[in-house]
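# Chain and residue survey
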Amino acid sequence: MSRKYFGTDGVRGRVGQMPITPDFVMRLGYAAGKVLVAQDGLPTSERPAVLIGKDTRLSGYMLEAALEAGFSAAGVDVCLVGPLPTPAVAYLTRALRLQAGIVISASHNPYFDNGIKFFSAQGTKLPDGVERAIEAGVDHPIECVPSADLGRARRIDDARGRYIEFCKSTFPNDLDLRGLKIVVDCAHGAAYHVAPDVFHELGAEVVAIGAQPNGLNINDGVGATAPGALCDAVLAHSADLGIALDGDGDRVQMVDGEGNLYDGDQLLYAIVRGRARHGKVAGVVGTLMSNLALEHALAKLDIPFARAAVGDRYVVEKLFENRWLFGGENSGHILALDRHTTGDGIIAALQVLAALRESGGDLKGLLNSLKLYPQKLINVTITKGFPWQEHPDIQAARKAVETELAGRGRILLRASGTEPLLRVMVEGEDGAEVGTLAEKLAEAVRKAVQ
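Residues numbered from 1 in each chain as written. Predicted model: local features only at pLDDT ≥ 70, side-chain atom pairs only at ≥ 80, totals over all residues. Heavy atoms only, no water.

## Some thoughts on the sheet that holds strand 15 (residues 326-328)
To summarise the sheet geometry, strands pair through backbone hydrogen bonds and adopt either a parallel or an antiparallel arrangement. Strand order across the open sheet formed by 4 strands is 14-13-15-16, with mixed pairing between neighbours. Edge positions in the sheet fall to strand 14 (305-308) and strand 16 (334-336), since each of these pairs with one other strand and no more. Here the average twist between neighbouring strands, direction ignored, is 20 degrees. Two strands pair when backbone bridges link them, and strand 13 (residues 284-287) and strand 14 are joined in this way by 4 bridges, in the parallel orientation. Looking across to strand 14, one finds that G286 is bridged to R307. Contacts between helix 10 (residues 312-322) and the sheet are confined to strand 13, strand 14, strand 15 and strand 16, with strand 13 contributing the most and set at about 150 degrees to the helix. (Pairing = 2+ DSSP bridges. Helix = DSSP H or I, 4+ residues; strand = E, 2+ residues; numbered from the N terminus. Axes fitted to C-alpha atoms, helices over the stretch in contact; angles between N-to-C directions. Contact = heavy atoms within 4.5 Å.)

Written as structure tokens, this is what we have:
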């Protein structure tokens, strides 16, 4: 059974349109409450409870109230933490021994979108089967528990401080960031009142940008999806490096003192190379979008590499399957399972900084052995359910491009799990050829969609 509402990262869409409406979100909260806490191991004297966090979108207030009502109707207590990064919700859910964590966020999307994503009691994304069970209950009517059994709500006032200390604990005790000037771009998102403090308390001089959210400016020209602002700020402030997070703080991009940008593949390699100094790294998981150069560079270090489907949830599943610790996406979702259960932009940046401190060098020097192959990604708008995989014109164009590449690169066509887009990616040794072929393939998709 395919998922009806859940994509690769929860339920997401335009605010005010299905499924991001108050009534649907209330039913989603009720259904999730029934599924997530229906477990025999919970003592009858203990009330089930979940934690709800959000990013800085104005619509978060409305959706928070709807979720709270749904969980209360199911007899589930709610702990509210306000704006906090997605990985903070995962951590606090686990630390407080709650039944689930819920984040109200559309991550890197504009303010007019929003979404709901869930974490298990262990701080991991929910398996597909659990999401399907929640979906199955969404269309059922809400049967409110008796008044005496309704869920209560309370606010956790020290949630921000708890998470800051957790992030700092992932950085080696014998290292600090003194002497470094770091620009931190918070994307006007959930990390605006967390990330600058983490790096400052570890000793860095911090220049914060994208840290004035107004409910409408999240990801607007700043953050990991618009890193030009960070590059400019690093140069303007003569900083040693820069760190850009996205709206919910689970992905990261970094910039060196010369203004050079480094993506998730490069930062993952920096972390793994640093860890390899302390012992054997069992293996690394990337995705179908990971640059081929990363795979080749890891092979030179004698480190196995495996590809998962796009989405950090699938990277985690592959890591668990292989019993490995490190993985990520080139978009900046990076996992270090010896530090956290989920992708965390702040913690990933700290692991890169630890590798830099131990090597005594800079990002450029640490990554000099990884030269990414040119990669061109074009997003083409499609209608939901468009059968691109069976469309003869698209497949013919694909075969033609593969013939022109002649084994010197690769092609990937992938439907987005969060937006009505088909992602067209071509990768190869020659940048000009890659760009030309990607445009050729994308144009074939556009014509087929018309």
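After that view of the structure, there is still more to cover.
## What to know about the nonpolar core
One finds F199, I243, M254, I346 and L353 to be the most contacted residues of the largest nonpolar core, which totals 70 residues. In terms of residue count, helix 11 (residues 345-359) provides more of this core than any other element does, 10 residues in total. If sequence neighbours within four positions are ignored, I346 has contacts with Y163, C167, V194, A195, V198, F199, L245 and G249. One finds F71, V76, L80 and A100 within the second-largest nonpolar core, a separate group that totals 31 residues. (Core = buried A, V, L, I, M, F, W, Y, C linked by side-chain atoms within 4.5 Å. Buried < 20%, exposed > 50% of the residue type's maximum accessible area, 1.4 Å probe, protein only.)

## Some thoughts on the layout of surface pockets
Counted as a void, the largest pocket has a volume near 1100 Å³. Lining the largest pocket are 37 residues, with K384, S416, G417, T418 and E419 sitting closest to its centre. Elements that contribute at least two residues to the lining of the largest pocket include exactly strand 1 (6-7), strand 2 (10-14) and helix 4 (128-138). When residues in the lining of the largest pocket are grouped by element, the largest group, 5 residues, is from strand 2. A volume near 880 Å³ is recorded for the second largest pocket. For the lining of the second largest pocket, the leading source of residues is strand 17 (residues 375-381), giving 4 residues. Residue composition of the lining of the second largest pocket, by class: 8 nonpolar, 16 polar and 10 charged. (1 Å grid on protein atoms, 1.4 Å probe; cavity = no way out; pocket = protein on both sides within 12 Å on 5 of 7 lines; lining within 4 Å. Points joined across faces, edges and corners; volume = space filled by probe spheres on them. Nonpolar A, V, L, I, M, F, W, Y, C, P; charged D, E, K, R; others polar.)

## Comments concerning empty space enclosed by the protein
If a probe the size of a water molecule is rolled over the atoms, the empty space left behind becomes visible. This structure, assessed with the given rule, holds 2 cavities of 30 Å³ or more. Around the largest cavity, the lining residues are I334, L335, A336, H340, T342, G343, D344, I347, A348 and Q351. For the lining of the largest cavity, the secondary structure elements donating two or more residues are strand 16 and helix 11. Broken down by class, the residue content of the lining of the largest cavity amounts to 5 nonpolar, 4 polar and 1 charged. In this structure, the second largest cavity encloses a volume near 30 Å³. Along the walls of the second largest cavity sit T8, D9, G10, K117, F118, K125, E131 and R313, which together make up its complete lining. Here the residues of the lining of the second largest cavity are counted per class, giving 1 nonpolar, 2 polar and 5 charged.

That is the geometry; function is a separate question.
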